[in-house]
Structure formats: C-alpha cells, structure tokens
Amino acid sequence: MSKESFVNGFSKLSKREKIELISNLDYIEEDAKDELKTFWHPHIKIQTLLDEFSENSLSNFPLPYGVIPHIKINERDYIVPMVIEESSVVAAASSSAKFWSKNGGFHAEITETDKVGQIHFTIDKSGYQTLKSKINELKKLILSECREIIESMEKRGGGIKDISLLDKNDDLKDYYQLFFTFETCNSMGANFINTVLEKAAKTLNDFVENGYEFKQHNNEFQIIMSILSNYTPNCLCKVWIEASYDQLENIDPNLSGKEFAEKFEKAVIIANNDVYRATTHNKGIFNGIDAVTIATGNDFRAVEACGHAYAARDGKYRGLTSVELKDNKFKYILEIPLSVGTIGGLTNLHPLSRFSMKLLKNPDAKELMKICASVGLANNFSAIKSLITNGIQNGHMKMHLINLLNANDATESEKNKAVDHFKKHNVSATSVKKFLREIR
C-alpha cells in the first residue's frame, strides 16, 4: 500500500473505500474490514449523523452509557447519565451519592459564569500609547460592528461583558492583548466567541491601519491570532457535602467518625501539597465530571484543561478540594471552573445527548455545572474513603473481574463460578487465569 494513497485524497474517499484501503495494510488482520462494519449503526440516518460529527470516519467506538440512579443536589433528586469505560467509576459515584442522600445530599452554587476570549497582537510602544488613549472609541466600534453577531445572544441575557487592553511586554516584546469577557448563557459559546473575536480583530486591524494618529509612527502592527481561552477561572462552581462526626461513625469499623474525618483531612492536605498525589486526586474528580460531560455532548477536553490550569493557578499544581473540620462537623468542598452548555453543539444533535438532557429534567447551563461538579466530588469522596480505610484496589479489581474473564474468553458458566469464587479471594490477572485453568 503506497503512502501516496493516504497522503493525497484520503478524506475524499467514501467510508467503504477508506476501510478497504486501511484493511489492505499488511499489518492489519484480514477480518478488520468486517469488524469495523459491525459497529456501524443499523439506522442509516443516525450513522450518517455520527459520520458527520468527525472527519475520515471508519466506524463507531461504543462506550457504556450508565447512570447514577439517585443523587440529591440542593434538595433536588436526579438520575445522572455517565459515559465511561470503567465500571468502578459509576459504582463509586453511585455509592457516594447513596450515602450522602441520607446525610444531607450535595450542595452547590454558581459564583460566576464569565467566558474568555483574546486578540493577540504586536505594536510598537508609541502605537500602544495611541491605542490606549483611544480604547473607549475602539470598544464602541467593536460593539457596533459585532452587533449582528451578538444581538441574538444579548436577547438571551448574554453578549460581550467587557474588553480590556493588556500590556504583555514581559512575555514578548511589543506584545499586547484585547482581553474579552463574555456571557454565553446556556451555550458553551465557543463558536459564538470565536466568531466575535475574528470580527473584532478585523475591526482592530482597520482601526490601526486607517487611523491618522497611528500613521504618524512606524507602528509595526500585526495581529497574531484571535481565539477563545478554555481557561475560565471566573466560570466557577462550588459544591460541598457536610455531616456531623456522628453521621460518619459507621463508615469504617476501625475509625470513629471524628478519626475518619481527621484522617480524610490529612489525605486532602497531602493532595494539596504533593504534585504526584494531586494529579491522581484530581483525576478522580474528573472521572465523574468527564463521564457526565461526555453523556451530555459537552467538551470534556476543554473542561479538563481548564480544571488542571486552575489547580496550578498559584504556580504549584494542587488538589482541587478542601476540608473544613469545625464544631464536630466535617465539610468537604470542591471549587472548580466548568464551562458547559445545554444548547448547541452535540448536545442537541446526538440522540443520546438529547436523552441525557431529558433524563436530567432539561437543566440550564448553571444547573448542569452543579450536576457535573457534584458527581466529580462524589467520585473523589468514594476514592479517598477507600484509600484511607480498606484500600482502593480490592474493590476496583472486583469490578474489573468481568473484564479479566472476558479477556480470557470465559463462558457464562465460568463467569458465574468465578464471581462466586472471587467474593472471598483477591482478584488479579494471574489469579483469574489460574482459576480458569483449574476449573477447565
């Protein structure tokens, strides 16, 4: 198979032609063509829709769509969808949600919902001084020339909130920004923001290139790029759980409620100071958040990038949670920036994303932020609870047992026997193989 076949015109081939080309590679198994086709959706309309979500589509990559059957957030009950390949994540979130539903539930609030965009440009110092003196004129011009783009968003209560001129010479000589803040209401807003920024960049360019004051100097003006930022530190959700020490008494037979709370606090302090632990600690939060954002058709990559940047906002990467122990009470808090939407993108296009929204009782963006953050805290609480009591691996491997059995081509009868056997034995890849050899 020539390299030329892939480099030139691959995207113009039909899906069947692409598969034919891929399956003829000498390192691909003969049955790959048929296997790829088995994952096509039987309804042509849905498959066409899925194909058009991406480029060079060959097949679909199914992931389990599960639910937390009950979680209480701000005294409201939800069934929450989760799309993730790891069964222990859904189990951990469900267990935590069940415990806290009996102990006050999850509490959540939104403090701010600002989104961010930037126009990056260079200009010499005299040009910057001129621009600075005329910034209010430029702002009015941008708002006027972007009117057609922002009018619909403004009717929904959103739009451009502010435009600031920032001096970034410490980063790069003659480098400046127009820094925008937006309100995008129930939309995540990426396309809206980028459309506004590109229009505003043209306005800025014309303003400088055609302005008499600028022509008096050799301004060396250049727009470098215009793009939204996925770092939205002022689009914040705070979620917390709290209970008296008495309510924590039965979590572990070897720890009183107070001892559990104090040990839990130490684990969180470690995550806030040790980058190795902080990374895994925050990954546990995103186990839950990612699964909900995927199920609702949101961009989990943007959410994660923002969360990790926020975790390092003071120059050191830290855990995203904190503990308060006061007056014989335990309070566990997650504060995290979350930019999600309930309209636009895949949220309205993907059939299962639409179903997710119905399952969640059609939340607005702020409510969805609260749900995502609550599930993230639920997963994280379960993880730390396991780590400071029985350890995480035993429960994880029990959940992983079926995957190990499937990897060894176990029959249904063998699976049933294995499940019974490993109720009293440790699960590992080696022990599962040994057990199957013995019963076979």
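We now turn to the structure provided with this report. If you're wondering where the values come from, they're calculated on a predicted model, not measured in any experiment.

**As for the overall build of the protein**
What the protein contains, in helices and strands, is 19 helices and 10 strands. When the backbone C-alpha atoms are referred to their principal axes, the protein occupies close to 90 × 70 × 40 Å. Considering the protein as a whole, with its 440 residues, one finds that 45% of them fall into the buried category. In the protein, of all internal contacts separated by at least 6 residues, the share reaching a separation of at least 24 is 71%. Surface summary for the protein: the accessible area is close to 23200 Å², and the carbon and sulfur share equals 50%. Charged side chains of the protein number 55 positive and 58 negative; the gap between the two group centres comes to 4 Å.

**A word on the packing of aromatic side chains**
Under the definition given, this model contains 16 aromatic pairs. Considering the side-chain rings of Tyr-128 and Tyr-176, the 4.2 Å spacing of their centres and the 10 degrees angle between planes classify their relative orientation as stacked. With Tyr-128 in helix 6 (residues 125–133) and Tyr-176 in strand 6 (residues 175–183), this residue pair connects regions lying 48 residues apart in the sequence. In this pair, the class of Tyr-128 matches that of Tyr-176, namely buried. Feature note: the residues Phe-99, Trp-100, Phe-260, Phe-264, Phe-330, Tyr-332 and Phe-381 constitute an aromatic cluster, connected by ring pairs. Across the ring face of Trp-40, the terminal group of Lys-15 is positioned such that the distance to the ring centre comes to 4.1 Å.

**Quick look at the pattern of salt bridges**
Evaluated as defined, the whole model comprises 16 salt bridges. A salt bridge links Lys-168 to Asp-171; the shortest N-O distance between them is 3.8 Å. A relative accessible area of 55% means that Asp-171 is categorised as exposed. Salt-bridge contacts for Arg-301 lead to Asp-299; the nearest nitrogen and oxygen are separated by 3.1 Å. In this structure Arg-301 comes out as exposed when scored by relative accessible area, which is 53%.

**Some remarks on unusual backbone geometry**
Positive phi outside glycine occurs at Asp-327, with the angle close to 55 degrees. Assignment of secondary structure puts Asp-327 in the loop between strand 9 (321–326) and strand 10 (329–337). For Asp-409, which is not glycine, the phi dihedral falls at a positive 55 degrees. Here Asp-409 lies in the loop between helix 17 (393–407) and helix 18 (412–421).

**Digging into helix 5 (residues 87–101)**
A rise of 1.5 Å per residue sets the reference length of helix 5, with its 15 residues, at 21 Å; its end C-alpha atoms lie 21 Å apart and thus fit the reference within 8%. Every buried residue of helix 5 is listed here: Ser-88, Val-89, Val-90, Ala-92, Ala-93, Ser-94, Ser-96, Ala-97, Trp-100 and Ser-101.

**Concerning the sheet that holds strand 4 (residues 115–122)**
Taking strand neighbours across the sheet as the criterion, the 4 strands line up as 5-6-4-7 in an open arrangement whose pairing is antiparallel. Bordering the open sheet on either side are strand 5 (159–167) and strand 7 (222–229), each of which pairs with just one other strand. Strand-to-strand twist in this sheet, taken as the mean axis angle between neighbours without regard to direction, amounts to 15 degrees. Here 8 bridges tie strand 5 to strand 6, and the two strands are oriented antiparallel to one another. Pairing of Ser-164 across the sheet is with Phe-179, part of strand 6.

**Some words on the pairing of strand 1 (residues 65–73)**
Two strands pair when backbone bridges link them, and strand 1 and strand 2 (residues 76–83) are joined in this way by 7 bridges, in the antiparallel orientation. Bridge pairing in strand 2 links Tyr-65 to Val-83. The turn linking strand 1 back onto strand 2 is made up of 2 residues, and Asn-74 within it adopts a positive phi angle of 50 degrees.

**A few points about a negative patch on the surface**
Among the surface-exposed residues, Glu-29, Glu-30, Asp-31, Asp-34 and Glu-35 lie close enough to one another that they form a single negatively charged patch. Structurally, Glu-30 is set in the loop between helix 2 (15–23) and helix 3 (32–38). By relative accessible area, Glu-30 is classed as exposed at 82%.

Rules used in this analysis
Residues numbered from 1 in each chain as written. Predicted model: local features only at pLDDT ≥ 70, side-chain atom pairs only at ≥ 80, totals over all residues. Heavy atoms only, no water. Helix = DSSP H or I, 4+ residues; strand = E, 2+ residues; numbered from the N terminus. Buried < 20%, exposed > 50% of the residue type's maximum accessible area, 1.4 Å probe, protein only. Contact = heavy atoms within 4.5 Å. Areas by Shrake-Rupley, 256 points an atom, 1.4 Å probe, with all protein chains shown as cover. Lys, Arg positive; Asp, Glu negative; His and termini not counted. Charge placed at Lys NZ, Arg CZ, Asp CG, Glu CD. Phe/Tyr/Trp six-rings, centres within 6.5 Å; stacked < 30°, edge-to-face > 60°. Lys NZ or Arg CZ within 6 Å of the ring centre and 35° of its normal. Salt bridge = Lys/Arg side-chain N within 4 Å of Asp/Glu carboxyl O. Expected span 1.5 Å × (residues − 1). Pairing = 2+ DSSP bridges. Axes fitted to C-alpha atoms, helices over the stretch in contact; angles between N-to-C directions. Patch = residues over 30% accessible without salt bridge, like charges linked within 9 Å, V, L, I, M, F, W, Y side chains within 5 Å.

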